[in-house]
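Examination of the molecular architecture
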Amino acid sequence: MARQFCQQCEKVTEHKEIVKQKPSKYGSSKMEQFKAFLEGFFGGTASAVGASLDLVDRYVECEKCQLRTLENHGEEFQ
Ligand SMILES: [Zn+2]
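Described below are features of the structure shown in this document. (Residues numbered from 1 in each chain as written. Predicted model: local features only at pLDDT ≥ 70, side-chain atom pairs only at ≥ 80, totals over all residues. Heavy atoms only, no water.)

1. A few points about the coordination of the zinc ion
Ligation of the zinc ion by protein atoms is provided by C6 (SG), C9 (SG), C62 (SG) and C65 (SG), these donors lying 2.2 to 2.3 Å from the ion. Because the angles between the four donor atoms bound to the zinc ion fall within 104 to 112°, the donor set is best described as tetrahedral. Donor residues binding the zinc ion come from one chain and are separated in sequence as C-x2-C-x52-C-x2-C. Taking the relative accessible area as the measure of exposure, C65 reaches 24% and is therefore partly exposed. (Donors = N, O, S within 2.8 Å, 3.2 Å for Na, K, Ca; no water. Tetrahedral: all angles 85-135°; square planar, octahedral: opposite > 155°, others 65-115°. Buried < 20%, exposed > 50% of the residue type's maximum accessible area, 1.4 Å probe, protein only.)

What follows is the structure, encoded as structure tokens:
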């Protein structure tokens, strides 16, 4: 739970964090995801971390109005 500004409420409200898995470019089967993981793993530790971060979207949802705001932090790791 995090307090932050909600654009719709126009004030600081309680927000909860939601993490949703993105549809992968490697396909949705377990094997395809495993291959994607290995590809990242052998490309170096940093890119493996980057690849796994790439697979999820992070949102915060306002407790008052349920407005969801996309909050990806992936670019910080590049
Ligand atoms: Zn709100």
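Having put the structure on the table, let's press on.
2. Thoughts on the environment of E17
Tracing the chain through its elements places E17 in strand β2 (residues 11-21). In this structure, the C-alpha to C-alpha distance between E17 and A2, residues 15 residues apart in sequence, is 7.9 Å. Not counting residues within four places of it along the chain, the set of residues in contact with E17 comprises R58, Y59 and V60. A polar contact is formed between the side chain of E17 and the side chain of R58, at a distance of 3.2 Å. (Helix = DSSP H or I, 4+ residues; strand = E, 2+ residues; numbered from the N terminus. Contact = heavy atoms within 4.5 Å. Polar contact = N/O pair within 3.5 Å; in protein donor to acceptor, adjacent residues only side chain to side chain.)

3. Here's the deal with the side chain of H15
Mapped onto the secondary structure, H15 falls in strand β2. In this structure the side chain of H15 is engaged in a polar contact, spanning 3.4 Å, whose partner is the backbone oxygen of Q4. Setting aside residues no more than four positions away along its own chain, H15 makes contact with M1, A2, Q4, F5, C6, V60, E61, C62 and E63.

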